Amino acid sequence: MKFVLIVATLFVFVWMLMNAARRRGKLDANANRAVAGLASSMRIFVYGLLAFVGVVCLAVAYQSL
């Protein structure tokens with residue numbers, strides 16, 4: 001679980017750096033498209049991870065009742 005949290009944190013950090021470079025216009029068209037695609041996949045991963053953790057928390061709460 002620690003590994004997954006570290007990867008998610010790194011994804012968010014890299015996503016913020018890439019979006020900052022994209023907003024400043026430091027990337028050409030191909031790199032801009034690649035960064036947008038990678039940022040989308042990172043966002044989907046983080047949201048999926050949050051949903052998974054939420055389901056696990058609900059399951060643990062249900063089992064404790």
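Everything that follows concerns the structure shown earlier in this document.
The structure reproduced in this document is the subject of the present report. The model shown is predicted, which means the values in this text are computed figures rather than measured ones.

### Brief notes about the overall build of the chain
Looking only at helices and strands, the chain has 2 helices and 0 strands in total. Against the compact-globule benchmark of 11 Å for 65 residues, the chain has a radius of gyration of 16 Å, which places it well outside the compact range. When its C-alpha atoms are laid out on the principal axes, the chain stretches across 55 × 15 × 15 Å. Relative to its full complement of 65 residues, the chain shows a buried share of 12%. Here the chain displays about 5,200 Å² of accessible surface, and carbon together with sulfur accounts for 73% of that area.

### Comments concerning the packing of helix α1 (residues 2-23) against helix α2 (residues 29-64)
Think of two packed helices as two axes; the pair is described by the angle between the axes and how far apart they sit. For the pair α1 and α2, the least separation of the axes is 9 Å and the interaxial angle reads 150°. In terms of orientation, α1 lies roughly antiparallel with respect to α2. Our pair here, α1 against α2, has a crossing hand that is left-handed. Contacts from V4, V7, A8, F11, V12, V14, W15, M18, N19 and R22 of α1 reach α2 at N32, V35, A36, L38, A39, M42, R43, F45, V46 and L49. Here the residues of the contact of α1 with α2 are counted per class, giving 16 nonpolar, 2 polar and 2 charged.

### Notes on a nonpolar patch on the surface
Taken together, the side chains of F13, V14 and L17 present a nonpolar region at the surface, about 270 Å² in accessible area. With respect to the helices, strands and loops of the structure, F13 is situated in helix α1.

### Some details on α1
Between its terminal C-alpha atoms α1 stretches 32 Å, which fits the 32 Å expected from 22 residues at 1.5 Å a residue. For α1, the complete set of buried residues consists of A8, M18 and N19. End-on, the buried residues of α1 take up no more than an arc of 100°, which puts them together on one face. Exposed residues pointing more than 90 degrees away from the buried face of α1 are listed as K2, F3, I6, T9 and M16. As for α1, its buried residues are in contact with α2.

Rules used in this analysis
Residues numbered from 1 in each chain as written. Predicted model: local features only at pLDDT ≥ 70, side-chain atom pairs only at ≥ 80, totals over all residues. Heavy atoms only, no water. Helix = DSSP H or I, 4+ residues; strand = E, 2+ residues; numbered from the N terminus. Rg over C-alpha atoms; globule rule 2.2 N^0.38 Å. Buried < 20%, exposed > 50% of the residue type's maximum accessible area, 1.4 Å probe, protein only. Areas by Shrake-Rupley, 256 points an atom, 1.4 Å probe, with all protein chains shown as cover. Axes fitted to C-alpha atoms, helices over the stretch in contact; angles between N-to-C directions. Parallel < 35°, antiparallel > 145°, perpendicular 65-115°, else oblique. Left-handed = near helix turned anticlockwise from the far one by under 90°. Contact = heavy atoms within 4.5 Å. Nonpolar A, V, L, I, M, F, W, Y, C, P; charged D, E, K, R; others polar. Patch = residues over 30% accessible without salt bridge, like charges linked within 9 Å, V, L, I, M, F, W, Y side chains within 5 Å. Salt bridge = Lys/Arg side-chain N within 4 Å of Asp/Glu carboxyl O. Expected span 1.5 Å × (residues − 1). Arc of directions from axis to C-beta.

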